[in-house]
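# Inside the fold
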Amino acid sequence: MCGIVGYIGERDCSEVLLNALSKLEYRGYDSAGIAVFEDGEIHVEKAKGELKNLKEIVDANKPDGHVGIGHTRWATHGEPSDINSHPHGNKRVSIVHNGIIENYKDIKKFLIEKGYSFDSETDTETVAKLLDYYYEGDPIDAIIKTLKDVRGAYALGIIFKDFPDRIFAARKDSPLIIGVGDEENFIASDVPAILQYTKNYYLLEQGEIATIKEDRVEFVDMHKAPVKKEVQVSDLDMDAAEKGGYEHFMLKEIHEQPDAVKTTIAPRIIDGMPDISECGLTLEDLKGYRKLFIVACGTAMHAGVVGKYVIEKLARVEVTVDIASEFRYRDPIITPEDLVIVISQSGETADTKAALKLAQEKGAKVLGIVNVKGSSIARDSDMVIYTHAGPEISVASTKAFSVQMSVMYLLAFELAYAKGEITEEECKRLTAELAKVPDVIEKTMECEHDCQRVASKLIKAQSLMYIGRGLDYALSMEGSLKLKEISYIHSESYAAGELKHGTISLIEDGVPVISVATQSALLEKTVSNIVEVKSRGAFTVTVAKEGEEFNSGLNDELIEVPALEDVLMPMVTVIPLQLIAYYTTVLKGFNVDKPRNLAKSVTVE
């Protein structure tokens, strides 16, 4: 959500800012703006809607300068509009902001009493005006005083009229990096924004303030004490952040899953056994855990549900899966004997970060499973396993889900072995089967044309249903989420056995029901549920293992996937579910990579 960029150097600042913002469009936004120094004045241009709207304005009235900040906004306070777009401020100070200021109403009331007026409905404008109120010639002093008054989450890019040769930055809970170039420097909320200019960057930590000049970057803490930092080097490349010939990032990322899974699991298989000791977890540690909590949001939570089924089946350890936003408020019973696993693609998910903190306060160790190195969750967790998926640009998560599941399998196998529930021989057999999965995923992609055909029959649906049992139910939840979030078709997932407890009343002629039926031990019962909906007029689509026999006429559409043993089937079953969602959205003419109202990284609660 929201994108921040900033530039200081000899290049055309407007051009750099707009280009950098274009690399952050995947984060989700509804308006954009830039503020550039021109002839000693702060020149601001902003516009509601897509970045191209801002580009048209800038092209017509281009600020000629070499220092500035930019922003793509995802509305939290105030409707999307030109006025509510960032940057905010006045002739003396201008800021861009990611996050939420929780006490903005109190600050606004205070400033109005001091004679300030406000143009927008945003919480951000209160920070800009508070900076102006405290500014008496020293920007750092003004920033420190302002941040002491502010409660909430923020990443800030700031420019002061009196200092046209520098940018200031600060953060708390929202990510921000400082890109380091040759006689030029940058700020950005994510690495892809600056990749074409530099791979070198500093991570701005909580409560730190950066002064960015053309030739150097200086850091201080909230007491103005200097902070020394080491330059980080990104392992991403421009090709990974581009479409590479695919029509959309989502399709590219679906097809990247075999490599992503292989890159994630291969280094963690040693002598045929799973080995996640890199994070600090030993077999003795695993043996000692009483209970596991898996905490995540959205797609990551569904990966956690797969983990729950597999861990409980193989390791016989109790697992509770929680939506992060609920975990915080239900006062969970956690002890130091428990392990809390938090899963997040970005490593910046606000509710998941709060759950992590709560778990540590209760004395539990936290294992973070994240994709972004140096992210907040990666840094704050007691232990971390990186998923090595590379950048995921499309808002709808695909390859991140697959690599999260693959880590869950490695953990389940090693935990089961540590607990003595499976032998070394069985552990090696399961691990060998997992190692084959990337090739099987590649073969599963052959169902793409079948998925296109199914999609063509879903585009007029007003509502549909996904059903499954066991691991198939976990996958039906993910399939339903994928479809609804990008195609805007109302979709729900249900445990197939729950149909007759109320939801079968929704079935009438032509209502699509997508059944996930890959679990051999449960197939007979799932088939009976398909019969129930078919007899009531449903249009039935079934995802099943190759070679399974079904009664004639039971399935209007059948999509077959390569057969693995039941416990591993989610790794291939997810492919057609992703492709159905993708092609349905394409056929409906919607923006696949940037669905309305959604953001890639949810950094506010």
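The numbering scheme is per chain: residues are counted from 1 as the chain's sequence reads. For this predicted model, a pLDDT threshold of at least 70 governs which residues receive local features, and a threshold of 80 or more governs which side-chain atom pairs are given and counted, while totals over whole chains, interfaces and linings are taken from all residues. Side-chain descriptors were evaluated using all non-hydrogen atoms of the structure, hydrogens and water having been removed beforehand.

## Things to note about the sheet that holds strand 3 (residues 41–48)
Our working definition: Here, a strand pair is defined by DSSP locating no fewer than two bridges between the strands. In DSSP terms, a helix is any run of H or I states spanning at least four residues, a strand is any run of E spanning at least two, and both are numbered starting from the N terminus.
The strand order across the open sheet formed by 8 strands is 3-2-4-1-10-9-11-14, and the pairing between neighbours is antiparallel. This sheet does not close on itself; its edge strands, each paired only once, are strand 3 and strand 14 (232–233). Pairing analysis gives 8 bridges linking strand 2 (residues 31–38) to strand 3, with the strands arranged antiparallel. Opposite Ala 35, over in strand 3, you have Val 44 as the bridge partner.

## Points about the pairing of strand 7 (residues 152–160)
What counts here: For every residue, the accessible area obtained with a 1.4 Å probe (protein chains only) is divided by the maximum for its type, and the residue is called buried under 20%, exposed over 50%, and partly exposed between those limits.
Where burial is concerned, most of strand 7 is hidden: 9 out of the 9 residues are buried. Both faces of strand 7 are covered, namely the face carrying Gly 152, Tyr 154, Leu 156, Ile 158 and Phe 160 and the face carrying Ala 153, Ala 155, Gly 157 and Ile 159. Of the strand pairs in this sheet, strand 6 (residues 93–101) and strand 7 are connected by 9 bridges, and their pairing is antiparallel. Bridging from a neighbouring strand, Gly 99 pairs with Tyr 154 of strand 7. Here strand 7 runs beside strand 8 (residues 167–172); their pairing, made up of 4 bridges, is antiparallel. What sits directly across from Gly 157, in strand 8, is Ala 169. Turn length for the strand 7-strand 8 hairpin, with the two strands adjacent in sequence and antiparallel, is 6 residues.

## Topic: the packing of aromatic side chains
Short version of the rule: Here the aromatic set is Phe, Tyr and Trp, taking the six-membered ring for Trp, and pairing holds for ring centres within 6.5 Å; pairs whose planes are under 30 degrees apart are stacked, those over 60 apart are edge-to-face, and all others are tilted. Whether a charge lies above a ring is judged from NZ of Lys or CZ of Arg, which has to be within 6 Å of the ring centre and within 35 degrees of the ring normal.
Inspection of the entire model under this criterion finds 12 aromatic pairs. Both rings, one in Phe 160 and one in Phe 168, keep their centres 5.6 Å apart while their planes meet at 85°; by these two values the pair is edge-to-face. Put simply, the rings of Tyr 135, Phe 160, Phe 163 and Phe 168 touch in pairs and so form one group of aromatic residues. The residue whose ring lies beneath Lys 108 is Phe 118, and the NZ or CZ to ring-centre distance is 5.2 Å.

## Thoughts on helix 14 (residues 424–444)
The criterion, for reference: What a helix is expected to span follows from its residue count: subtract one and scale by 1.5 Å. Across the chain, bend at a residue is computed as the angle between axes fitted to the seven residues ending at that point and the seven starting from it.
Taking 1.5 Å of rise per residue, 21 residues should cover 30 Å, and helix 14 covers 30 Å from first to last C-alpha, within 8% of that figure. Of all the bends in helix 14, the greatest reaches close to 40° and is centred on Val 437; the proline Pro 438 follows between one and four positions later. Among the residues of helix 14, Cys 427, Leu 430, Thr 431, Glu 433, Leu 434, Val 437, Pro 438, Val 440, Ile 441 and Thr 444 are the ones counted as buried.

## Notes on unusual backbone geometry
With an omega of 0°, the peptide bond between His 86 and Pro 87 qualifies as cis. For Asp 39, which is not glycine, the phi torsion reads 55° and is therefore positive. You will see that His 388, though not glycine, has its phi angle at about 55°, which is positive. By secondary structure assignment, the location of His 388 is in the loop between strand 21 (383–386) and helix 13 (399–418). On the basis of relative accessibility, which here comes to 30%, the residue His 388 falls in the partly exposed class.

## Some remarks on the pairing of strand 18 (residues 318–323)
Bridge count for strand 17 (residues 291–296) against strand 18 is 6 bridges, and the pairing is parallel. Paired with Val 295 across the strands is Asp 322, a residue of strand 18.

## Comments concerning the environment of Lys 229
Put simply, the rule is: The contact criterion used throughout is that any non-hydrogen atoms of two residues lie within 4.5 Å. The definition of a polar contact used here is a pair of N or O atoms within 3.5 Å, where within protein one atom must be able to donate a hydrogen and the other to accept one, and adjacent residues in sequence count solely through side-chain atom pairs.
By the secondary structure assignment, Lys 229 is in the loop between strand 13 (217–220) and strand 14. C-alpha of Lys 229 to C-alpha of Phe 219: the two residues are 10 residues apart in sequence and 8.0 Å apart in space. Those residues in contact with Lys 229 that sit more than four places away from it in its chain are Tyr 202, Leu 203, Leu 204, Glu 205, Glu 208 and Phe 219. At 2.9 Å, the side chain of Lys 229 forms a polar contact with the backbone oxygen of Leu 203. Here the side chain of Lys 229 touches Glu 208 through a polar contact of 2.8 Å, side chain to side chain.

## Section: the sheet that holds strand 20 (residues 365–370)
Here is the rule: Only the contacting stretch of a helix is used when fitting its axis, a line to C-alpha atoms as for every element, and angles between N-to-C directions run 0 to 180 degrees.
Across the sheet, 5 strands lie side by side as 18-17-19-20-21; this open sheet has parallel pairing. Either end of the sheet is taken by a strand with one partner, and the two such strands are strand 18 and strand 21. Strand after strand, the sheet turns through a mean of 20° between neighbouring axes, direction not considered. As paired elements, strand 17 and strand 19 (residues 339–344) share 4 bridges and run parallel to each other. Residue pairing for strand 19: Ile 294 is matched across the bridge by Ile 341. Where helix 11 (residues 350–361) meets the sheet, it contacts strand 17, strand 19 and strand 20, and its direction lies at approximately 165° from that of strand 19. Set on the sheet, helix 13 makes contact with strand 17, strand 19, strand 20 and strand 21; between it and strand 19 the angle comes to about 160°.

## Describing a negative patch on the surface
Here is the rule we go by: Patches here: salt-bridge-free residues with over 30% relative accessible area, like charges joined within 9 Å, nonpolar side chains (Val, Leu, Ile, Met, Phe, Trp, Tyr) joined within 5 Å. For accessible areas, the Shrake-Rupley method is used with a probe of radius 1.4 Å. Any residue's cover is judged against the shown protein chains and nothing else. When a carboxyl oxygen of Asp or Glu lies within 4 Å of a side-chain nitrogen of Lys or Arg, that pair is called a salt bridge. Only four residue types enter the charge count: Lys and Arg as positive, Asp and Glu as negative, with His and the chain ends excluded. Charge coordinates come from a single atom per side chain, which is NZ of Lys, CZ of Arg, CG of Asp or CD of Glu.
Together, Asp 259, Asp 439, Glu 442 and Glu 446 line one region of the surface with negative charge. Tracing the chain through its elements places Glu 442 in helix 14.

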